[in-house]
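Descriptive structure summary
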Amino acid sequence: MNTTISGKTRLLCLLGSPVAHSKSPLMHNEACRLLGLDYAYLAFDVKEAALSAAVAGLKTMNARGWNLTMPLKTAMVSLVDELTPAAKLAQSVNTVINDNGHLVGHTTDGIGFMRSVSDAGVSIIGKEIVLLGAGGAATAICVQAALDGVSAIRIFRRKSAAWNDTVAFASRISSQTSCEITVEDIADSRLLSKRLSNAVLLVNATNVGMSPNIDATPLDQSLLYPELAVTDIIYNPKQTRLLMEASEIGCKTFNGLYMLLYQGAESFQCWTGEEMPVEQIRIKFFNSL
């Protein structure tokens, strides 16, 4: 963001509730400042019932684009004019690009995840991964991994009322990509152990282990082995119990901080056409987290 906002400054923003804690304004405004781009990124506390009105207002004001948090990511799907292939598959939108009133819905969470995996030096294309959880983050990760060429994704989740929805989702993504996706009971430790033995990466996309419940872990350490890479999309705490236990036995580990950074970088490029200076943003805002 420039130090002086002019009559030509374009609006970028985040919609969700709560949003006061978000690092997105810091990240995007610093990127705009570094590149000399005339945009300002703000955060607006918007609940789902007010989303349609908020979007109408942003269109009227010709805002360039916006991000969304859950549950607005799914609610936004019906409010855009066009969906990218990934957003259509995921039925989720975290980034909207406003091209003169034509709204394009995109999901950059999975792109951010895949870039963070590559950044960590882990190769998963053509290979099998195990994914714990089936929420919004897991959905985005699953879709992008399938589109990018991961050979198989084993989703493990609790048996609950949403079980059939996850099975239907997995079937739909499998049928539209070359990736085999299965949904399995996380309580079945024997099957989980078997799947992990064939996988190169374990992804925890649940909130188990997130602050303040930092003593919790989604699985027993005995299921891990040194050749398995382990990532946790949680970044508070920076090192969850899962990551600590995985590190103890020699696994390569990384958390969700760079997924956050890279999904933002993808959104930034969608809006501005410029690459976010991620190394400078990383040093200023992420290394200390």
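An account of the accompanying structure is given in this report. (Residues numbered from 1 in each chain as written. Predicted model: local features only at pLDDT ≥ 70, side-chain atom pairs only at ≥ 80, totals over all residues. Heavy atoms only, no water.)

**Topic: the layout of surface pockets**
As a volume, the largest pocket reaches approximately 1300 Å³. For the lining of the largest pocket, the elements supplying multiple residues, two or more each, are β3 (65-68), α6 (136-148) and α10 (257-272). Along the lines of polarity and charge, the residues of the lining of the largest pocket split into 17 nonpolar, 16 polar and three charged. Put simply, the second largest pocket is a space of about 220 Å³. (1 Å grid on protein atoms, 1.4 Å probe; cavity = no way out; pocket = protein on both sides within 12 Å on 5 of 7 lines; lining within 4 Å. Points joined across faces, edges and corners; volume = space filled by probe spheres on them. Helix = DSSP H or I, 4+ residues; strand = E, 2+ residues; numbered from the N terminus. Nonpolar A, V, L, I, M, F, W, Y, C, P; charged D, E, K, R; others polar.)

**Let's talk about the sheet that holds strand β1 (residues 10-16)**
One open sheet accounts for six strands, arranged β2-β1-β3-β5-β6-β4; its pairing is mixed. Two strands lie at the open edges of the sheet, namely β2 (39-45) and β4 (82-83), each paired on one side alone. Direction of pairing for β4 relative to strand β6 (residues 102-106): parallel, over a ladder of two bridges. Among the inter-strand pairings, E82 is bridged to a residue of β6, identified as V104. Helix-sheet contacts for α10 involve β1, β2, β3, β5 (95-99) and β6, and the interaxial angle to β5 is about 5°. (Pairing = 2+ DSSP bridges. Contact = heavy atoms within 4.5 Å. Axes fitted to C-alpha atoms, helices over the stretch in contact; angles between N-to-C directions.)

**Observations concerning the pairing of β3**
Burial along β3 is two-sided: G65 and N67 and W66 and L68, pointing in opposite directions, are all buried. Of the strand pairs in this sheet, β1 and β3 are connected by four bridges, and their pairing is parallel. Each bridged residue has a counterpart across the sheet, and for L14 the counterpart in β3 is N67. (Buried < 20%, exposed > 50% of the residue type's maximum accessible area, 1.4 Å probe, protein only.)

**Structural notes on the packing of helix α1 (residues 24-35) against helix α11 (residues 278-286)**
The N-to-C vectors of α1 and α11 enclose an angle of 135°; their axes lie 10 Å apart at closest approach. Here α1 lies oblique to α11, going by the angle between them. Taken as a pair, α1 and α11 cross one another with a handedness that is right-handed. Note on element contacts: α11 touches α1 through Q280, I281, K284, F285 and F286, opposite L26, M27, E30, A31 and L34. (Parallel < 35°, antiparallel > 145°, perpendicular 65-115°, else oblique. Left-handed = near helix turned anticlockwise from the far one by under 90°.)

**Concerning helix α2 (residues 51-60)**
Count 3.6 residues to each turn of an α-helix, and residues three or four apart come out pointing the same way. Of all the residues in α2, the buried ones are L51, A54, V55 and L58. On an axial view of α2, the arc spanned by its buried residues comes to 100°, and they lie on one face. Exposed residues on α2 whose side chains face more than 90 degrees from its buried face are A53 and T60. Packed against the buried residues of α2 are β1, β3, α3 (72-75), β5 and β6. Just past α2, the residue N62 takes up positive phi, approximately 55°. (Arc of directions from axis to C-beta.)

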